[in-house]
Amino acid sequence: MHIGVFADIEGSFGIWRMRQCRMGTPEWQYGRACLTEDVNHVIQGAFDGGAQKVTVKDTHEVGFNCLINKLDKRAGYIGGHFIRPSLFGNIKNYDLVLYVAIHAASGTGDAFFPHTHYGIFSEVRINKQPVCEMDIYGSYIGEFGIPIGFVSGEDVAVAQALKSLPWARSVAVDKRKAMYTAGEKSHRYLLEGREKLRKTAAQAVRDASKMKPLIKNGPLHFEAEFRTEKLANKFNTWKFKQSERLVEWESENMIEGFEMFNKLTFFPKRIYPFRRPLTFFLRQVFRIKSTYLAPSPNSEGAFFD
Ligand SMILES: [Zn+2]
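What you see is a predicted model, and the numbers here were worked out from it, not measured in a lab. (Residues numbered from 1 in each chain as written. Predicted model: local features only at pLDDT ≥ 70, side-chain atom pairs only at ≥ 80, totals over all residues. Heavy atoms only, no water.)

Colleague: Honestly, unusual backbone geometry in this entry has me stumped. Any pointers?
Modeller: What you tend to see is this: most non-glycine residues have negative phi, and most peptide bonds are trans. With an omega of -5°, the peptide bond between Arg84 and Pro85 qualifies as cis. Following Gly218, the chain continues into Pro219 via a peptide bond in cis, with omega recorded as 0°. One non-glycine residue with positive phi stands out, namely Glu61, at about 45°. If you trace the backbone, Glu61 turns up in the loop between strand 2 (53–58) and strand 3 (76–78). Of note in the backbone geometry, Ala101 takes a positive phi value of approximately 65° without being a glycine. Locating Ala101 in the fold gives a position in strand 4 (residues 96–102). Owing to a relative accessible area of 0%, Ala101 belongs among the buried residues under this scheme. (Helix = DSSP H or I, 4+ residues; strand = E, 2+ residues; numbered from the N terminus. Buried < 20%, exposed > 50% of the residue type's maximum accessible area, 1.4 Å probe, protein only.)

Written out as structure tokens, the structure is:
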């Protein structure tokens, strides 16, 4: 069994504020260490559960957040974004995905760093239903035949994900600063929490045969509500149907619909023809930058070793 461990960052144990998720900051450097610990426990869990092969796919921002030299050496690592065969690279031979450190959807009240796909949207809907990233990414990789069998993150994010992935195993992660700045008590919370990640990931892999690829049956009607009309005007270079800050498009399936979503979000019309060399170039730049030019970590008083 080949397990994909997909990593976002907002839902990591140890992370309580936005700056810890922002590339290049000393606080992010601390956040990366937190995420790497979480991911390592999920890798261990995957092997405990019977995985023969584990590959980590780093997904947050430009896709280089894990501390590569601290990751469990048994796992492969894919940083950065791709065009083909999928945005996540070559995922075709994965049997199951475990999604670490997720966050709530755009528009979720009282949630940590809620957004869907990118911070410019106030809500994203498919066939009139508000969706979270696990709906979108889950049904995208679902069309490649791959189920998501595990999620970890803030309780509200996990609840949103489980609505679409009722078979998935989950771990809720506290986002309150006080949980991580209480010395020995925080150390215990982190140890227990990550032990839960390991055990739950192992259980998900053992139960892999009960997991289903998420499929959203087409035709699909996407609605992306931008935070402002100005943003909608700026990003809608493809002239999708637009009324004020709402941009809409239709697709036959999720692979096509997500491709259009990425055109709207990341590939303006004039850049689109160069997207493959561009993503290749960016992968090289950010791999070097995040490996060799990273600041030293600032844990701001959190337990950290
Ligand atoms: Zn993220």
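Let's pick the thread back up.
Colleague: I keep staring at the coordination of the zinc ion and nothing clicks. Help me out?
Modeller: Ideal coordination angles are 109.5 degrees for a metal with four donors arranged tetrahedrally and 90 or 180 degrees for a metal with six donors arranged octahedrally. Around the zinc ion, the protein contributes the donor atoms Asp8 (OD), Glu10 (OE), Glu10 (OE) and His60 (ND1), which lie 1.9 to 2.5 Å from the metal centre. Each of the 4 donor atoms around the zinc ion contributes to a set of angles spanning 53 to 128°, which defines the coordination as irregular. (Donors = N, O, S within 2.8 Å, 3.2 Å for Na, K, Ca; no water. Tetrahedral: all angles 85-135°; square planar, octahedral: opposite > 155°, others 65-115°.)

Colleague: Looking at this structure, I do not really get helix 3 (residues 155–164). What am I missing?
Modeller: Within an α-helix, residues lying three or four positions from one another point in the same direction, as the helix has 3.6 residues per turn. Those residues of helix 3 that fall on the buried side of the exposure criterion are Ala157, Val158, Gln160, Ala161 and Ser164. Along the axis of helix 3, the buried residues cluster in a sector spanning 160°; they form a single face. Looking at the buried residues of helix 3, the elements they touch are strand 4, helix 2 (133–142), strand 7 (148–153) and strand 8 (169–172). (Arc of directions from axis to C-beta. Contact = heavy atoms within 4.5 Å.)

Colleague: Where do I start with the layout of surface pockets in this structure?
Modeller: Rolling a probe over the atoms, with the probe sized like a water molecule, indicates the empty space that remains. Considered as a void within the structure, the largest pocket measures approximately 920 Å³ in volume. Lining the largest pocket are 38 residues, with Glu61, Val62, His81, Tyr118 and Phe266 positioned closest to its centre. Elements with a minimum of two residues in the lining of the largest pocket: helix 2, helix 5 (229–235), helix 6 (254–265) and helix 7 (275–292). The biggest single contributor to the lining of the largest pocket is helix 7, with 5 residues. For the lining of the largest pocket, a count of residues per class yields 18 nonpolar, 11 polar and 9 charged. Here the second largest pocket is characterised by a volume of approximately 380 Å³. (1 Å grid on protein atoms, 1.4 Å probe; cavity = no way out; pocket = protein on both sides within 12 Å on 5 of 7 lines; lining within 4 Å. Points joined across faces, edges and corners; volume = space filled by probe spheres on them. Nonpolar A, V, L, I, M, F, W, Y, C, P; charged D, E, K, R; others polar.)

Colleague: Got a minute to help me understand the side chain of Thr116 in this structure?
Modeller: Tracing the chain through its elements places Thr116 in the loop between strand 4 and strand 5 (121–126). When neighbours within four sequence positions are excluded, Thr116 is seen to be in contact with Ala105, Ser106, Phe121, Val124, Val131, Cys132, Glu133 and Ile136.

Colleague: Help me understand the sheet that holds strand 7, please; the structure alone is not making it clear to me.
Modeller: Note on sheets: strands pair through backbone hydrogen bonds, and any given pair is parallel or antiparallel. Spatially, 3-2-1-4-7-8 is the arrangement adopted by the 6 strands of the open sheet, whose pairing is parallel. Looking at the sheet topology across the chains shown, the edges are occupied by strand 3 and strand 8. Geometrically, the sheet is characterised by an average inter-axis angle of 15° between neighbouring strands, direction not taken into account. In terms of strand pairing, strand 7 meets strand 8 through 4 bridges, oriented parallel. Of the residues in strand 8, the one forming a bridge with Ser152 is Val171. The sheet contacts of helix 3 involve strand 4, strand 7 and strand 8, and relative to strand 7 the element is tilted by about 160°. Of the strands in this sheet, strand 1 (2–7), strand 4, strand 7 and strand 8 are in contact with helix 4 (residues 184–206), which crosses strand 8 at around 170°. (Pairing = 2+ DSSP bridges. Axes fitted to C-alpha atoms, helices over the stretch in contact; angles between N-to-C directions.)

Colleague: In this structure, what is going on with a nonpolar patch on the surface? I would like to understand it.
Modeller: Side chains of Phe274, Leu278, Phe281, Leu282 and Val285 sit close together on the surface and give an oily, nonpolar patch of about 430 Å² of accessible area. For Leu282, the location among the structural elements is in helix 7. Leu282 sits in the partly exposed class, given a relative accessible area of 33%. (Patch = residues over 30% accessible without salt bridge, like charges linked within 9 Å, V, L, I, M, F, W, Y side chains within 5 Å. Areas by Shrake-Rupley, 256 points an atom, 1.4 Å probe, with all protein chains shown as cover. Salt bridge = Lys/Arg side-chain N within 4 Å of Asp/Glu carboxyl O.)

Colleague: In this structure, what is going on with the packing of aromatic side chains? I would like to understand it.
Modeller: For any pair of aromatic rings, geometry is given as the distance between the ring centres together with the angle between the planes. In the structure shown here, the tally under the stated rule is 22 aromatic pairs. Both rings, one in Phe121 and one in Phe261, keep their centres 5.3 Å apart while their planes meet at 50°; by these two values the pair is tilted. Residue Phe121 is found in strand 5, and its partner Phe261 is found in helix 6; the two are separated by 140 residues along the sequence. Given the relative accessible area of 0%, Phe121 is considered buried. Between the aromatic rings of Tyr140 and Phe258, the centroid separation amounts to 4.5 Å while the plane-to-plane angle is 55°, which identifies the pairing as tilted. (Phe/Tyr/Trp six-rings, centres within 6.5 Å; stacked < 30°, edge-to-face > 60°.)

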